[in-house]
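Geometric and topological summary
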Amino acid sequence: MYDILIIGGGPAGLTAAIYAARAGKTVAVLERETPGGQIVSAPLVENYPGILSISGAELAQKMTEQAKLLGAEFLFTEAAGLSKTQDGFLVSCADDALEAKTVILATGASHRKLGLSQEDTLTGCGISYCAVCDGAFYEGADVAVVGGGDTALQDALFLANTCRSVTLIHRRDTFRASAQLVRRAQAQENIRILRNCTVQKLLLSDDSLQGAELLNSKTGETERIYIEGLFVAVGQMPQSAPFQDAVATENGYYLAGEDTKTCLPGIFAAGDGRKKQVRQLTTAVSDGAAAALAACRLLDAQQGISE
Ligand SMILES: Cc1cc2nc3c(=O)[nH]c(=O)nc-3n(C[C@H](O)[C@H](O)[C@H](O)COP(=O)(O)OP(=O)(O)OC[C@H]3O[C@@H](n4cnc5c(N)ncnc54)[C@H](O)[C@@H]3O)c2cc1C
């Protein structure tokens, strides 16, 4: 039986593994793909303190190496569920079940895509799902944001500070975003708002994004815009489905505070999968540290009681 079983080997899970292993606990990370999570698809990370510039894949590799060197075990399988046992928890996987005294849910989230041809190839070099992460790469450029919620409006306002122009493309007539954000975007000189519009096609030149073809659902007219960057802000999908019977969630996000404790004692939630405001590397690793240390404290307290 592991002291701490971490489900998800993204930045939150890897940080939890580093802290738990350094604290002398037996720890395993369950990962269904390659370790590193979302950051693996970031060509460049320039906002991780202490590192001027690094590819997401290299950063993930370094975090994984660090966790392995400290003694964390890696198991490449998908966790399918979680149940309470007398001594701890049972995590069911594709063809096995693992026992642990505590579990850290670090299953993250994935960004909703537009479903356009070439979208995947251009991700990280023309298409971005994170304005805070990639906005600086488009300083002085013409860009567009797709979406109508708070994130899309915030992204447009954030990008308008450094980009030459921002076209905000929204498929409906009215915005889901707060009225205040909409007013601020409307007042911003370099933001152009297009309602009832969807992106039909990405326009490429020499394999680089050059623009997008838009369809106005009201008029039926198409329009071409010329942009270097397209920021997609049409929502995130938390990867919590297998664990929603075990712990409380809201819109799929684990309900846990800064202490990462869920409603089920012994189960902690860390990273982008937790309900919170900011989903970034720094906040994911912060959660990972908090969850591992909280799990260690619980294990130490349990040991103290039984001794
Ligand atoms: C293209 C891109 C660029 C980005 N750039 C930056 C940047 O420059 N700076 C920045 O701060 N942030 C950036 N981010 C955001 C950052 O990557 C995330 O905030 C961070 O990765 C969240 O870490 P996490 O560990 O919580 O979740 P994730 O990274 O989502 O990792 C979760 C992991 O859990 C695994 N998993 C999920 N469910 C299961 C299961 N049932 N069983 C086993 N494994 C499971 C997944 O395979 C995944 O590996 C970027 C994101 C993207 C998509």
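For the structure itself, look to the data block above.
Quick caveat, the model's predicted, so the values are computed rather than measured. (Residues numbered from 1 in each chain as written. Predicted model: local features only at pLDDT ≥ 70, side-chain atom pairs only at ≥ 80, totals over all residues. Heavy atoms only, no water.)

This part takes up the packing of helix H1 (residues 11-22) against helix H2 (residues 56-69). The interhelical angle for the contact between H1 and H2, taken along N-to-C directions, is 25°, at an axis separation of 8 Å. Comparing their axes, H2 and H1 come out roughly parallel. The element H1 and its partner H2 pack so that their crossing is left-handed. The residues of H2 that touch H1, namely those facing Pro-11, Leu-14, Ala-17 and Ile-18, are Ala-60, Met-63, Thr-64, Gln-66 and Ala-67. Taken together, the residues of the contact of H1 with H2 sort by class into seven nonpolar, two polar and no charged. (Axes fitted to C-alpha atoms, helices over the stretch in contact; angles between N-to-C directions. Helix = DSSP H or I, 4+ residues; strand = E, 2+ residues; numbered from the N terminus. Parallel < 35°, antiparallel > 145°, perpendicular 65-115°, else oblique. Left-handed = near helix turned anticlockwise from the far one by under 90°. Contact = heavy atoms within 4.5 Å. Nonpolar A, V, L, I, M, F, W, Y, C, P; charged D, E, K, R; others polar.)

What follows covers the sheet that holds strand S9 (residues 142-146). Read across the open sheet, the five strands follow the order S8-S15-S9-S10-S11; overall the sheet is parallel. In the strand order of this sheet, the two ends are held by strand S8 (127-128) and strand S11 (191-194), each with one partner. Alignment of strand S10 (residues 165-169) against S11, held across four bridges, turns out to be parallel. Within S11, the position partnered with Ile-169 by the bridge is Leu-194. (Pairing = 2+ DSSP bridges.)

Attention now goes to the sheet that holds strand S13 (residues 208-216). Taken in spatial order, the three strands line up as S12-S13-S14 in an open sheet, and their pairing is antiparallel. Across the chains shown, the open sheet's two edge strands, defined by having one partner strand only, are strand S12 (197-205) and strand S14 (222-226). Strand-to-strand twist across the sheet, computed as the mean angle between neighbouring axes with direction ignored, equals 25°. Both S12 and S13 contribute to a ladder of eight bridges, which runs antiparallel. Its bridge partner lying in S13, Leu-204 is registered against Leu-209.

As a further point, take the site of the ligand. By nearness alone, 31 residues border the ligand, and Glu-31, Gln-38, Asn-47, Asp-272 and Leu-281 come closest of all. Backbone polar atom of Ala-109 to an oxygen atom of the ligand: 3.4 Å apart, as the coordinates give it. Measuring from an oxygen atom of the ligand, one finds a backbone N or O atom of Asp-272 at 2.7 Å. Protein chains shield 96% of the accessible area of the ligand, which is 1000 Å² for the free molecule. At the level of elements, H1, strand S2 (27-31), strand S7 (109-111) and helix H7 (281-306) are the ones that each hand at least two residues to the shell around the ligand. Classifying every residue of the shell around the ligand by side-chain character gives 13 nonpolar, 13 polar and five charged. (Near = heavy atom within 4 Å. Polar contact = N/O pair within 3.5 Å; in protein donor to acceptor, adjacent residues only side chain to side chain. Areas by Shrake-Rupley, 256 points an atom, 1.4 Å probe, with all protein chains shown as cover.)

What follows concerns the side chain of Ser-240. For Ser-240, the position within the fold is in the loop between strand S16 (236-238) and strand S17 (249-250). Overall, Ser-240 belongs to the buried group, its relative accessible area being 1%. Those residues in contact with Ser-240 that sit more than four places away from it in its chain are Thr-107, Thr-249, Gly-252 and Tyr-254. (Buried < 20%, exposed > 50% of the residue type's maximum accessible area, 1.4 Å probe, protein only.)

This part covers unusual backbone geometry. Although it is not a glycine, Asn-196 sits at a positive phi angle of roughly 55°. Take Asn-196: it is sitting in the loop between S11 and S12. With phi around 65°, Thr-260 is a residue other than glycine that occupies positive phi space. Here Thr-260 shows up in the loop between strand S18 (253-254) and strand S19 (267-269).

The subject of this paragraph is the nonpolar core. Counting residues in each nonpolar core, the largest one holds 35 residues, and the members touching the most others are Ile-4, Ile-6, Ala-17, Val-27, Val-45, Tyr-48 and Ile-104. Counting only elements with at least two residues in this core, the list comes to strand S1 (2-7), H1, S2, H2 and H7. Among the elements that take part in this core, H7 stands out by supplying nine residues, more than any other. Apart from residues no more than four positions distant in its own chain, Val-27 is found in contact with Tyr-2, Ile-4, Ile-6, Ala-17, Ala-20, Ala-21, Gly-71, Ala-72 and Glu-73. Core analysis: the next-biggest nonpolar cluster, separate from the first, contains 22 residues, Val-145, Ala-156, Cys-163 and Leu-181 among them. (Core = buried A, V, L, I, M, F, W, Y, C linked by side-chain atoms within 4.5 Å.)

Looking now at the pattern of salt bridges. The final tally for this structure, using the stated rule, is 14 salt bridges. A salt bridge links Glu-33 to Arg-32, with the shortest nitrogen-to-oxygen separation between them at 3.9 Å. Here Arg-274 and Glu-258 are joined by a salt bridge, their closest N and O atoms 3.4 Å apart. Remark: Glu-258 occurs in the loop between S18 and S19 and Arg-274 occurs in the loop between S19 and H7; sequence separation between them is 16 residues. One network of salt bridges, with partners in common, ties together Glu-258, Arg-274, Lys-276 and Asp-287. (Salt bridge = Lys/Arg side-chain N within 4 Å of Asp/Glu carboxyl O.)

Attention now goes to the pairing of S10. Among the five residues that make up S10, four are buried, leaving the element largely enclosed by the rest of the structure. With five bridges connecting them, S9 and S10 associate as parallel partners. When the bridges of S10 are listed, Val-143 appears paired with Val-166. Viewed along the sheet, the connection from S9 through helix H5 (residues 150-160) into S10 turns out right-handed. Traced from S10 through helix H6 (residues 179-187) to S11, the parallel crossover comes out right-handed. (Right-handed = clockwise from strand over helix to strand, strands pointing away.)

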